[in-house]
Amino acid sequence: MCFATIGLAMGASSATATMAGLQAVGSAVSAMGAIMSYQQQQSQYKAEQQRYQTNQLLAQRSMLEQARQVSLREEQERSAALDRQRASAIEAAKAKGRMVASAGEGGVSGMSIASLLADVERTKLNNEGTINRNFDSILQQGQADREGLLSQAEGRVNSMSMPQAPSLLGTGLQIAGIGLDGYTKYRDRQPKPVYNKGP
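Residues numbered from 1 in each chain as written. Predicted model: local features only at pLDDT ≥ 70, side-chain atom pairs only at ≥ 80, totals over all residues. Heavy atoms only, no water.

## Overview of the overall build of the chain
For step 1, the next point in the chain: Helix and strand counts for the chain come out as four helices and zero strands.
For step 2, the next point in the chain: Along the chain direction, N to C, the helices and strands of the chain fall in the order α-α-α-α.
For step 3, the next point in the chain: Relative to its 199 residues, the chain shows a buried fraction of 22%.
For step 4, the next point in the chain: For the chain, the share of sequence-separated contacts (at least 6 apart) that also reach a separation of at least 24 residues comes to 76%.
For step 5, the next point in the chain: When the accessible surface of the chain is split by element, carbon and sulfur atoms take 58% of a total near 13,900 Å². (Helix = DSSP H or I, 4+ residues; strand = E, 2+ residues; numbered from the N terminus. Buried < 20%, exposed > 50% of the residue type's maximum accessible area, 1.4 Å probe, protein only. Contact = heavy atoms within 4.5 Å. Areas by Shrake-Rupley, 256 points an atom, 1.4 Å probe, with all protein chains shown as cover.)

Pasting the structure below:
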């Protein structure tokens, strides 16, 4: 009975009122389904967006933590390199002191003692050069590690696709299509006018 009332309100004849009412209710239900589908897609979009942002944040945190570890390792290596350089300088100074003392006690002087002292200095400088080259290699490796960490973080973020928001326009067009379809079916059920073809 309710469907007939809706059909009559739409201007249908009493004979087609029930069908018109059913058609109107069916269109309304379909439109509500489209709206609910949009709302569900919107909720899913927000959840995916939250997962994407969380993944991005975790990738950045991981990269920063690993980069801190690389920096800590470099700082430890810097400290160790300075210790080795100091030890080399101290050892060279001790060796020079022993040579000068021994030469003084033995009454040796001249080019032979100068040559020995130059050898000690050369050894010290070679050691410092090796220590510096090794430390430079560690710094270069640290830079390569940081670049790798950045690429890894970017890859982790890019592995998850950017969520796409549902289209409100698409939902509106879907509802318009449902309404148009309902109207077309309603008009198809109406009696066809008979035109009088005159004399």
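## A closer look at the side chain of Ser88
For step 1, the next point in the chain: If you trace the backbone, Ser88 turns up in helix H2 (residues 17–106).
For step 2, the next point in the chain: Not counting chain neighbours up to four residues away, the residues in contact with Ser88 comprise Lys124 and Asn127.

## Describing the pattern of salt bridges
For step 1, the next point in the chain: For the structure on display, the rule yields nine salt bridges.
For step 2, the next point in the chain: Residue Arg98 is joined to Glu91 by a salt bridge in which the shortest nitrogen-to-oxygen separation is 3.7 Å.
For step 3, the next point in the chain: You can call Glu91 partly exposed: its relative accessible area is 44%.
For step 4, the next point in the chain: For the salt bridge of Lys124 with Glu121, the shortest nitrogen-to-oxygen distance reads 3.5 Å. Placement of both Lys124 and Glu121 in helix H3 (residues 111–158) is noted, with a separation of three residues, approximately one turn of the helix.
For step 5, the next point in the chain: On the basis of relative accessibility, which here comes to 24%, the residue Glu121 falls in the partly exposed class.
For step 6, the next point in the chain: A single salt-bridge network, built from bridges that share partners, covers Lys96, Glu121 and Lys124. (Salt bridge = Lys/Arg side-chain N within 4 Å of Asp/Glu carboxyl O.)

## Thoughts on the nonpolar core
For step 1, the next point in the chain: Judged by nonpolar contacts, Tyr52, Ala59, Met63, Ala67, Val70, Leu149, Ala153 and Val157 together constitute the single largest core of eight residues.
For step 2, the next point in the chain: At the level of secondary structure, the elements contributing two or more residues to this core comprise H2 and H3.
For step 3, the next point in the chain: Those residues in contact with Val70, other than ones at most four positions away along the chain, are Gly142, Asp145, Arg146 and Leu149. (Core = buried A, V, L, I, M, F, W, Y, C linked by side-chain atoms within 4.5 Å.)

## Some remarks on the confidence of the model for the chain
As a note on interpretation, predicted positions should not be read in detail where pLDDT is low.
For step 1, the next point in the chain: Residues with a pLDDT of 70 or more make up 81% of the chain, whose mean pLDDT is 82.
For step 2, the next point in the chain: No element of the chain has a lower mean pLDDT than helix H1 (residues 2–9), which averages 50, and none a higher one than H3, which averages 91. (pLDDT = per-residue confidence, 0-100.)

## Regarding the environment of Met99
For step 1, the next point in the chain: By secondary structure assignment, the location of Met99 is in helix H2.
For step 2, the next point in the chain: Note: C-alpha distance between Met99 and Val120 (21 residues apart in sequence) is 9.8 Å.
For step 3, the next point in the chain: Not counting residues up to four positions away in its chain, the partners in contact with Met99 are Ile113, Leu116, Leu117 and Val120.

## A few points about the side chain of Lys124
For step 1, the next point in the chain: Note on Lys124: relative accessible area 17%, which makes it buried.
For step 2, the next point in the chain: If sequence neighbours within four positions are ignored, Lys124 has contacts with Ser88, Ala89 and Ala92.

## A few points about the environment of Gly179
For step 1, the next point in the chain: Tracing the sequence through the fold places Gly179 in helix H4 (residues 168–189).
For step 2, the next point in the chain: The spatial distance from the C-alpha of Gly179 to the C-alpha of Gly26 is 9.9 Å, given a sequence separation of 153 residues.

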